[in-house]
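# Commentary on secondary and tertiary structure
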Amino acid sequence: MKKPFILFIFTAITLQVIAQTGSEIYLFDLSVKKQKITISNPVNITNHKGYDNQPFFHPDLPLVYYASFNDDGRSDIRSYDYKNKFTKSITETSDKEYSPTVTLDKQYLSCIIQREDGSQNLGKYPIDGGDPIVIINNLTVGYHVWGDNSHLGLFVLGTPNTLHYVLLPMKKDTILAENIGRSLHRVPGETSISFIHKVTEKDWVIKKIDTRTLKVTEVGPAVSGHEDLAWIPDGKILMSDGPKIFYMDPAEGPGWNEVQLSGTNVLKGVTRLAVSSNGKKLAVVVAE
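Residues numbered from 1 in each chain as written. Predicted model: local features only at pLDDT ≥ 70, side-chain atom pairs only at ≥ 80, totals over all residues. Heavy atoms only, no water.

To continue, consider the side chain of Arg 272. As for its position among the elements, Arg 272 is in the loop between strand 23 (260-262) and strand 24 (273-275). Nearest to the buried, unbridged Arg 272 among oppositely charged side chains is Asp 228, at 4.5 Å. Among all residues touching Arg 272, those that are not within four sequence positions of it are Tyr 51, Asn 53, Gln 54, Pro 55, Tyr 143, Arg 182, Asp 228, Ala 283, Val 284 and Val 285. (Helix = DSSP H or I, 4+ residues; strand = E, 2+ residues; numbered from the N terminus. Buried < 20%, exposed > 50% of the residue type's maximum accessible area, 1.4 Å probe, protein only. Lys, Arg positive; Asp, Glu negative; His and termini not counted. Salt bridge = Lys/Arg side-chain N within 4 Å of Asp/Glu carboxyl O. Contact = heavy atoms within 4.5 Å.)

Here the focus is the environment of Val 166. The topology assignment puts Val 166 in strand 13 (residues 162-167). Val 166 sits 22 residues away from His 144 along the chain, and the two C-alpha atoms are 10 Å apart. Not counting residues up to four positions away in its chain, the partners in contact with Val 166 are Ile 136, Ser 150, His 151, Leu 152, Leu 154, Lys 172 and Asp 173.

Of all eight residues in strand 11 (residues 141-148), seven are buried; the element is thus mostly enclosed. Counting the residues between successive antiparallel strands, the hairpin from strand 11 to strand 12 (residues 151-156) contains two residues. (Pairing = 2+ DSSP bridges.)

A few words on the sheet that holds strand 17 (residues 204-210). Taken together, four strands build an open sheet; the order of strands is 15-16-17-18 and the sheet is antiparallel. In the strand order of this sheet, the two ends are held by strand 15 (185-186) and strand 18 (216-221), each with one partner. Across five bridges, strand 17 lies against strand 18 in antiparallel orientation. Its bridge partner being in strand 18, Val 205 is matched across the sheet by Pro 221.

Written out as structure tokens, the structure is:
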């Protein structure tokens, strides 16, 4: 790939993030019953003017990690302890960090690291603090998901955007799909990762890949024009159209049902969603 092309993509993703309007992250209690899902008790866990986004729950601890712009327009990783109601800065570097993700061994926070010179790596920070380790520096990675401790699904920016599956020990990189959305997730109870395939401008489909066989299967239609989703541990999927949140149960077939909201309605311009590993908490990014 020629250097000017790479630099153009770095600039594109930087402008994409900076140009976004301010956002906040709300934490809800999540109640999941067989045919009814309810969210309640919204709490603004960021309460900070500007960009706060890309929430990710620690699998064991009452922590939500997220990316947050500081006053200089640089993105750092922060965490919110929702048991003790405490916010902590995880990174305070001259670089910009995005998309914090707890690695499956729970020893690191992997993330996108954008350098001052515009170069962009996928790296990981020790979860208790320390210098980052570079994982991938030869692809323009926008988003990522761990298949296991040494295999990664990657959203790689380009024309078109592509889904890569990388085997780190063998340095093997396989392109599995084109024209994908930014939302990559492990599928609960399976050896699969999910993605949104933008088949046409209007036809967006949720699909999953078995990481053992690399077989792709269709899960169901995405909420029209939207690409952010979250899996509930029981296998249901959450998506939003902006002012409302919906769920689909793939076991019952394709089709979206509205999530019930109990109490104050703070939902507007909803984008990213994240569910805690016990299925009792939902983090929602809303417009500021």
